[in-house]
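Residue-level listing of the chains:
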Amino acid sequence: LVGTTQVLCKQFGRYIGWPSIAQAPNGDLLVVFSGDRDGHVSNDGKVQMIRTGDGGRSWGPATTVFDTEIDDRDSGVLCTAQGTILVSWFTGPYGGPWQGHCAIRSTDNGLGWEDPVPTHITAPHGPIQLSDGRLLFIGQRPHCSHGEPGDWNGSPSESPYTVSIAESRDDGCSWQ
């Protein structure tokens, strides 16, 4: 497959964006993304995933990992050293307030999912794992997307947005 180009997922008449990839403990490649959207900026995104078990030669259909009535986007995926699949994202309507930064865990190669937990911050592609096992998530808090709130032009010292770090010492079950 090296040097080839392949369409992994197409949703006719829909917009797909912001993919991330990880390898599950069973060897499957997992790609998560914001899918089934009206467009880049819309209130209907879902956290979706596709998988391949044959090294990328063929891909299964998109399955929805998480979906609220508003926009779920900027999903990331990580396979931890313990074999947990961790998917992160943020939820927030365009033109409205931020709703939440979350992650969801799977301990069965991304087939079933636990309840989501707040991560307090967000960044496309999610957290990383450090050599001591801790998960580190560096991102924005709260999330600002496409000039919301409207065209922030205040001084940096007055900005409502910060670059923050969240840490998990329990394989993504909780974040501080």
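Residues numbered from 1 in each chain as written. Predicted model: local features only at pLDDT ≥ 70, side-chain atom pairs only at ≥ 80, totals over all residues. Heavy atoms only, no water.

Re a nonpolar patch on the surface
Here is the rule: Like-charged residues within 9 Å of one another, or nonpolar side chains (Val, Leu, Ile, Met, Phe, Trp, Tyr) within 5 Å, are grouped into patches, provided each residue has over 30% relative accessible area and no salt bridge. In short, Shrake-Rupley with a 1.4 Å probe defines the accessible areas, and a residue's cover is counted only from the protein chains shown. The working definition used for a salt bridge is a side-chain nitrogen of Lys or Arg within 4 Å of a carboxyl oxygen of Asp or Glu. Under the scheme used here, helices are H or I runs from DSSP no shorter than 4 residues and strands are E runs no shorter than 2 residues, and both carry numbers assigned from the N terminus.
Residues Ile 138, Val 163 and Ile 165 make up a contiguous nonpolar surface patch of roughly 330 Å² in combined accessible area. Inspection of the secondary structure puts Ile 165 in strand E11 (residues 162-168).

Concerning the pairing of strand E7 (residues 100-106)
Just so we agree on the cut-off: Throughout, exposure labels follow a simple rule: accessible area from a 1.4 Å probe, protein chains only, divided by the maximum for the residue type, with under 20% read as buried, over 50% as exposed, and the rest as partly exposed. By the convention used here, strands pair only if DSSP detects at least 2 bridges between them.
Counting buried positions over the 7 residues of E7 gives 7, a clear majority of the element. Side-chain alternation along E7 places Gly 100, Cys 102, Ile 104 and Ser 106 on one buried face and His 101, Ala 103 and Arg 105 on a second face that is also buried. By the bridge criterion, 2 bridges tie E7 to strand E8 (residues 117-118) in an arrangement that is antiparallel. Among the inter-strand pairings, Cys 102 is bridged to a residue of E8, identified as Pro 118.

Regarding the sheet that holds E7
The strand order across the open sheet formed by 4 strands is E5-E6-E7-E8, and the pairing between neighbours is antiparallel. Strands at the two margins of the open sheet, each flanked by one partner only, are strand E5 (72-79) and E8. Where strand E6 (residues 85-91) and E7 come together, 7 bridges link them in antiparallel fashion. Considered in E7, the bridge of Thr 91 is made with Gly 100.

Some words on the packing of aromatic side chains
Our working definition: Note on aromatic pairs: the rings of Phe, Tyr and Trp (six-membered ring only in Trp) are paired at centre separations within 6.5 Å, and the planes decide the class, stacked below 30 degrees, edge-to-face beyond 60, tilted for the rest.
Following the criterion strictly, the structure yields 3 aromatic pairs and no others. Measuring from centroid to centroid gives 6.0 Å for Tyr 15 and Trp 18, while their planes differ by 50 degrees, and the two rings are tilted. Overall, the relative accessible area of 31% leaves Tyr 15 in the partly exposed class. Consider the rings of Phe 66 and Trp 89, whose centres lie 4.5 Å apart with planes at 35 degrees: the pair is tilted. In this pair, Phe 66 is assigned in strand E4 (residues 63-66) and Trp 89 in strand E6, connecting sequence segments 23 residues apart.

Here we look at the confidence of the model for the protein
Cut-off, in case you're wondering: pLDDT runs from 0 to 100 and stands for how confident the predictor is about each residue.
With 84% of its residues at a pLDDT of 70 or more, the protein has an overall mean of 86. Looking over the protein, one finds the lowest element-wise mean pLDDT in strand E10 (residues 135-141), namely 87, and the highest in strand E3 (residues 46-52), namely 97.

What about the environment of Asp 108?
The line we're drawing: Here a polar contact is recorded for every N or O atom pair within 3.5 Å, except that within protein the pair must consist of a potential hydrogen donor and a potential acceptor, and residues adjacent in sequence are included only if both atoms are side-chain atoms.
Along the chain, Asp 108 turns up in the loop between E7 and E8. Measuring from C-alpha to C-alpha, the distance between Asp 108 and Ala 24 comes to 8.9 Å, with 84 residues separating the pair along the chain. In this structure the side chain of Asp 108 is engaged in a polar contact, spanning 3.1 Å, whose partner is the backbone nitrogen of Leu 111.

Quick notes on the nonpolar core
So the rule is basically this: As used here, the term nonpolar core means buried Ala, Val, Leu, Ile, Met, Phe, Trp, Tyr and Cys residues forming a set that is joined through side-chain atoms within 4.5 Å.
Counting residues in hydrophobic clusters, the biggest one holds 13 residues, and the most contacted among them are Val 77, Ile 85, Val 87 and Trp 89. Breaking this core down by element, the ones donating at least two residues are strand E2 (29-37), E3, E6 and E7. When residues in this core are grouped by element, the largest group, 3 residues, is from E6. Listed in part, the 10 residues of the second largest apolar core include Leu 86, Ile 121, Ala 123 and Phe 137.

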